[in-house]
Amino acid sequence: MDQNAAVQLGLTLQYPTATTWLYMQDFGFINPTRLVGIGTELNNPFYENPQYINPHFPTGPLLAPTNPNRTRFGCHVFLGNSTPNMWSYGSDNGIYDACSGPAIGDRNLQQYIDCSIDNAENSRRRYRIIDQGQVLIGYGAYSIEYPAPYPPERDSNSSLFFEPEAVSRLVNASLVDSTRSLAHVDWLRLPTWLKFTLGDSWEVHYKEIHVGKTGARAYWRISDTRTAGDGHISVEVLVSSAVTEDGKLDVKESATLTRQHVSDLIRATQRDDAWEIGNISSFGACLQHAGHIAHGRIVLVVGNIVMDISGLSSTEVLLPTAHKLFKQTAVKEPVDPAPPTVPILEMQEVNVNNGDAGVARVLEDETIRIDGLHTRFSVVFTADCAVGSARSGCDGAGILFDEYKAKETETGGGLEVFFIANEIGRHRVRVCVAEAHTLLAASFDLEVEVVHD
């Protein structure tokens, strides 16, 4: 991504036409090429990583196509020459890539795929064949909407930029509360209700769910299979969750964080008067792309929820589909609604998951002690709600997050989070979870000490 950002910034200085970030997951096995920083031709990008080396087979940067040691890219970003954020499928515009190629704008997307990716080997090993329909559109180095894949963790007093008056007017207008009797929920179950809401021809092509200390973010890429490559729609939902010291949702602080997200979004993408205030029947004021922008986008803000739907040829064309999605997730709140709550976790036990290679125990001060470096262990929690997503992070690389497993019970939910003890010493670990129905998030801190066995 760093190379892609450098190329993009360089192109914006040289050419009058800007570029859009394009993202593919998977990317697959690559044809022989020269990567930046490696002086030899290769088709095995991770040849120095012992994790991927089978000692029974040859290894090195350039391998026979069928060699089991040959590695592949799980994902990749590159550039499409286009108006910012408005790259279109089937376009003949040039592709730029410093990593795979290099590609210098003299090939369109399909030609770039054919030159860069070894689809024959993807097919032989039963991986997905890469085609143009798997490309996602990003915002790139010069128009960053969300600086990280997780919701930014910050307080309501933090602000990276001064907010211009024009931006303030748009933000304030979009936050006019004409929907106080409505809440929007159940976004995590979008794959289960999509066909019911939009029709049997609609499918989910990509999804990602992230959760942090102050919020959760869900993203889907959906499309109508009846269209020829131009029916893709992005759906992004961001729920801010500021939590008080006693573990309750701070509604006012959460709304302030939401306002900052909306402000960041406008500041990062406001070019050529792209944004205007619209109105969605029964839902009230919204942000939307203006009529002269050839890319539909509608942002509806309700309390601490930002719902961002984009795609198709214009906002007018997008609106009927967006309205159906908003209607599906809207629920009428009672006259005197109970205050919303964030998930509450309680640690139950710690288990070692790799046989007798290590020992785990909980000390009196609730510190988790792991005897044995590289031990895979898990922490089991009970929750007062169904857990929709979980994530964990550590100050440094001492404890690595591996995976989580959630389950529902009659009284709430359960969660088992798996880790790997990567460094000797004492480490602070934070487990973040999002409630399945509302996406409200909360965190739980752990102290983990890793010692020699």
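From a predicted model like this one, the values you see are computed outputs, not experimental measurements. (Residues numbered from 1 in each chain as written. Predicted model: local features only at pLDDT ≥ 70, side-chain atom pairs only at ≥ 80, totals over all residues. Heavy atoms only, no water.)

Caption draft 1: Geometry of the overall build of the chain. Of regular secondary structure, the chain possesses 7 helices and 23 strands. A total of 453 residues make up the chain; the buried ones form 49% of that total. In the chain, 62% of the contacts between residues at least 6 apart in sequence involve partners at least 24 apart. Carbon and sulfur atoms make up 52% of the accessible area of the chain, which totals about 22000 Å². (Helix = DSSP H or I, 4+ residues; strand = E, 2+ residues; numbered from the N terminus. Buried < 20%, exposed > 50% of the residue type's maximum accessible area, 1.4 Å probe, protein only. Contact = heavy atoms within 4.5 Å. Areas by Shrake-Rupley, 256 points an atom, 1.4 Å probe, with all protein chains shown as cover.)

Caption draft 2: Structural detail: the nonpolar core. By size, the foremost hydrophobic cluster in this structure holds 40 residues, and its most contacted members are Trp187, Ile222, Val235 and Phe326. Apart from the residues lying within four places of it in its own chain, the contact partners of valine 235 are Trp187, Leu190, Ala218, Tyr219, Trp220, Ile222, Asp308, Ile309 and Leu325. With 23 residues, the next largest nonpolar core counts Ile368, Ala421, Val429 and Val433 among its residues. (Core = buried A, V, L, I, M, F, W, Y, C linked by side-chain atoms within 4.5 Å.)

Caption draft 3: Representation of the confidence of the model for the chain in the model. Mean pLDDT over the chain: 80, with 80% of residues reaching 70 or higher. Mean pLDDT values over the elements of the chain span from 64, in strand S5 (residues 135-138), up to 95, in helix H5 (residues 190-198). This model gives residues 142-152 a pLDDT under 50, and the stretch forms 38 contacts once residues within four places in sequence are excluded. Note on residues 154-161: pLDDT under 50 across the span, and 16 contacts to partners over four residues away in sequence or across chains. (pLDDT = per-residue confidence, 0-100.)

Caption draft 4: Molecular detail of the sheet that holds strand S13 (residues 305-311). Strand order across the open sheet formed by 7 strands is S7-S8-S9-S13-S12-S11-S10, with antiparallel pairing between neighbours. Edge positions in the open sheet fall to strand S7 (202-212) and strand S10 (275-280), since each of these has one partner strand only. Going across the sheet, the axis of each strand differs from the next one's by a mean of 20°, ignoring polarity. Direction of pairing for strand S8 (residues 215-224) relative to strand S9 (residues 232-240): antiparallel, over a ladder of 9 bridges. Bridge pairing in S9 places tryptophan 220 opposite valine 235. Most of the contacts of helix H4 (residues 165-174) go to S10, to which it runs at about 10°, and overall it touches S10, strand S11 (284-289) and strand S12 (296-302). Lying on the sheet, helix H7 (residues 315-329) is in contact with S7, S8, S9, S10, S11, S12 and S13; it crosses S12 at an angle near 35°. (Pairing = 2+ DSSP bridges. Axes fitted to C-alpha atoms, helices over the stretch in contact; angles between N-to-C directions.)

Caption draft 5: Region of the structure containing the packing of aromatic side chains. As enumerated under the stated definition, the model contains 10 aromatic pairs in all. Ring geometry for phenylalanine 27 against tyrosine 112: centres 6.5 Å apart, planes inclined by 50°, an arrangement best described as tilted. You can see phenylalanine 27 sitting in strand S1 (residues 19-28) and its partner tyrosine 112 sitting in helix H2 (residues 109-116), a full 85 residues away along the chain. For phenylalanine 27, a relative accessible area of 0% puts it in the buried group. Three or more aromatic residues joined by ring pairs make a cluster, and in this case those are Phe27, Phe46, Phe73, Phe78 and Tyr112. (Phe/Tyr/Trp six-rings, centres within 6.5 Å; stacked < 30°, edge-to-face > 60°.)

Caption draft 6: Focus on the pattern of salt bridges. One pass over the full model with this rule turns up 14 salt bridges. Close ionic contact of arginine 70 with aspartate 118 constitutes a salt bridge, the shortest N to O distance being 3.0 Å. On the criterion of sequence distance, the pair formed by arginine 70 in the loop between S1 and strand S2 (73-81) and aspartate 118 in the loop between H2 and helix H3 (119-124) is long-range, its members being 48 residues apart. The exposure class of arginine 70 is buried, given its relative accessible area of 4%. Sharing partners across several salt bridges, the network here consists of Arg426, Arg428, Arg430, Asp445 and Glu447. (Salt bridge = Lys/Arg side-chain N within 4 Å of Asp/Glu carboxyl O.)

Caption draft 7: Spatial organisation of the sheet that holds strand S22 (residues 425-435). Taking strand neighbours across the sheet as the criterion, the 5 strands line up as S16-S17-S23-S22-S19 in an open arrangement whose pairing is mixed. Of all the strands in the sheet, just strand S16 (359-362) and strand S19 (387-394) have a single pairing partner and so form its edges. Here the average twist between neighbouring strands, direction ignored, is 25°. Sheet analysis places S22 next to strand S23 (residues 441-451), joined by 10 bridges and oriented antiparallel. Within S23, the residue paired with alanine 434 across the bridge is alanine 441.

Caption draft 8: Structural context of the pairing of S16. Two strands pair when backbone bridges link them, and S16 and strand S17 (residues 368-371) are joined in this way by 4 bridges, in the antiparallel orientation. By the bridge assignment, alanine 360 is partnered in S17 with isoleucine 370. The antiparallel hairpin formed by S16 and S17 contains 5 residues in its connecting segment, where glutamate 366 sits at a positive phi of about 70°.

Caption draft 9: Local environment of the packing of H5 against H7. For the pair H5 and H7, interaxial distance at closest approach is 10 Å and the crossing angle is 125°. With respect to H7, the element H5 is oriented oblique. For the crossing formed where H5 meets H7, the hand is right-handed. Contact with H5, carried on its side by Trp193, Leu194, Phe196, Thr197 and Leu198, involves Thr321, Lys324, Leu325, Gln328 and Thr329 of H7 and no other residues of that element. Split into classes, the residues belonging to the contact of H5 with H7 amount to 5 nonpolar, 4 polar and 1 charged. (Parallel < 35°, antiparallel > 145°, perpendicular 65-115°, else oblique. Left-handed = near helix turned anticlockwise from the far one by under 90°. Nonpolar A, V, L, I, M, F, W, Y, C, P; charged D, E, K, R; others polar.)

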